[in-house]
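Summary of the model geometry
If you want the building blocks of each chain, they are given just below.
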Amino acid sequence: MRPGGRTARVREAVLRAAGDALVEHGFDGLDLADVARRAEVGKTTVYRRWSAPAGLVADLLSDMAEQSLPRADTGSLAEDLRANARLVVRTLADPRQGALFAAVIAAATCDPRTADALHRFYAVRIAEWSGCVEAAVGRGELPAGTDPGEVIAAVSAPLYYRLLASGAPLDEAAADRAAAAAVAAAREGVYVR
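Residues numbered from 1 in each chain as written. Predicted model: local features only at pLDDT ≥ 70, side-chain atom pairs only at ≥ 80, totals over all residues. Heavy atoms only, no water.

Per an unreviewed UniProt entry, the protein chain is named TetR-family transcriptional regulator, and its organism is Streptomyces griseus subsp. griseus.

Turning to the nonpolar core, a few remarks are in order. In this structure, V14, L22, V35, L56, L61, L81 and L159 are the most contacted members of the largest nonpolar core, which totals 64 residues. Formed jointly, this core draws a minimum of three residues from each of two domains, domain 1 (6–52) and domain 2 (64–188). (Core = buried A, V, L, I, M, F, W, Y, C linked by side-chain atoms within 4.5 Å. Buried < 20%, exposed > 50% of the residue type's maximum accessible area, 1.4 Å probe, protein only. Domains from an automatic or database assignment.)

Turning our attention to the side chain of T114. Along the chain, T114 turns up in helix α7 (residues 112–139). In this view, T114 contacts F27, A54, V57, L61, V104, A107 and A108; residues no more than four positions away in its chain are not counted. (Helix = DSSP H or I, 4+ residues; strand = E, 2+ residues; numbered from the N terminus. Contact = heavy atoms within 4.5 Å.)

Moving on, we get to the packing of aromatic side chains. Within the structure shown, the criterion is met by five aromatic pairs. A ring pair is formed by F101 and Y160, whose centres lie 6.4 Å apart and whose planes are at 75 degrees; its orientation type is edge-to-face. On the criterion of sequence distance, the pair formed by F101 in helix α6 (residues 95–108) and Y160 in helix α8 (residues 148–166) is long-range, its members being 59 residues apart. F101 gets classed as buried once you look at its relative accessible area, which sits at 4%. By relative accessible area, which is 15% here, Y160 ends up buried. Taking 4.9 Å as the distance between ring centres and 85 degrees as the angle between the ring planes, the aromatic pair formed by F121 and Y122 counts as edge-to-face. We classify F121 as buried; its relative accessible area is 5%. An aromatic cluster of three or more residues is present, and its members are F101, F121, Y122 and Y160. (Phe/Tyr/Trp six-rings, centres within 6.5 Å; stacked < 30°, edge-to-face > 60°.)

With that settled, the discussion passes to the domain arrangement of the protein chain. Often, the extent of an interface is quoted as the loss of accessible area on bringing the components together. Under the domain assignment, the protein chain is made up of domain 1 (6–52) and domain 2 (64–188). Computed from C-alpha atoms alone, the centre-to-centre distance between domain 1 and domain 2 is 28 Å. With nine residues of domain 1 at the contact, the number on the domain 2 side is ten residues. For the pair domain 1 and domain 2, the two sides together bury roughly 730 Å², of which 63% comes from carbon and sulfur. Contact with domain 2 buries surface across domain 1, with L22, V23 and F27 losing the most and accounting together for 60% of the total. Where domain 1 packs against domain 2, one counts one salt bridge. Between R96 and D20 there is a salt bridge; the shortest N-O distance is 2.9 Å. The interface formed by domain 1 and domain 2 includes two residue pairs in polar contact (both at pLDDT 80 or more). Here the side of domain 1 that touches domain 2 is built from residues that sort into four nonpolar, two polar and three charged. (Buried area = accessible area lost by both parts, 1.4 Å probe. Salt bridge = Lys/Arg side-chain N within 4 Å of Asp/Glu carboxyl O. Polar contact = N/O pair within 3.5 Å; in protein donor to acceptor, adjacent residues only side chain to side chain. Nonpolar A, V, L, I, M, F, W, Y, C, P; charged D, E, K, R; others polar.)

Feature annotation in UniProt places "DNA-binding region" (unreviewed entry) on residues 31–50, given in this structure's numbering. Along residues 31–50 one finds 80% helix and 0% strand; the C-alpha atoms at either end are 12 Å apart. (UniProt positions renumbered as here; feature names shortened; annotations may be inferred.)

It is worth spelling out helix α5 (residues 77–93) at this point. For α5, with 17 residues, the first-to-last C-alpha span of 24 Å sits near the 24 Å given by 1.5 Å per residue. Taken as a whole, α5 has its buried residues at L77, D80, L81, N84, A85, L87, V88, V89 and L92. Residues of α5 that are buried in the fold lie against α6, α7, α8 and α9 (172–187). (Expected span 1.5 Å × (residues − 1).)

Below is the structure:
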């Protein structure tokens, strides 16, 4: 696929339309014909490329992972994790992005292909941010053997809990607390393998 070519433009339009449909109707209401209409492309184009809603959601998550911002590299674990937490909060507090993630997570609970795509999305994002934990171990900020993925997951977990379960505010204060808690636990060796 050529960057910027017709195929890329069609994919971008279809993924945008799929995201809009997910926000409005959830996974159960995701209809490929509706997505084609929203994207202003032929139904056969959508059915040929994605064939099922789960395939479309998998591609949407793949695209979201590719478009995500790279990790911070401030030279300080606390600052790097604060940047990560604030990025998560900005994403989840965004009316469209937050609703999109809630819809995809809900879909992942009952659709194995969507669950696999969601797991791949988070694996990419955790791998991207794991470098800040590895660097902190190298600088002596954290004990040897600290599991980077566990530290990064510990930053995001309380923020997703706010989105999906408690409804508590998703703001910078929540982001900063989540990062500080993960740093404190990591320094105490909680995430050593």
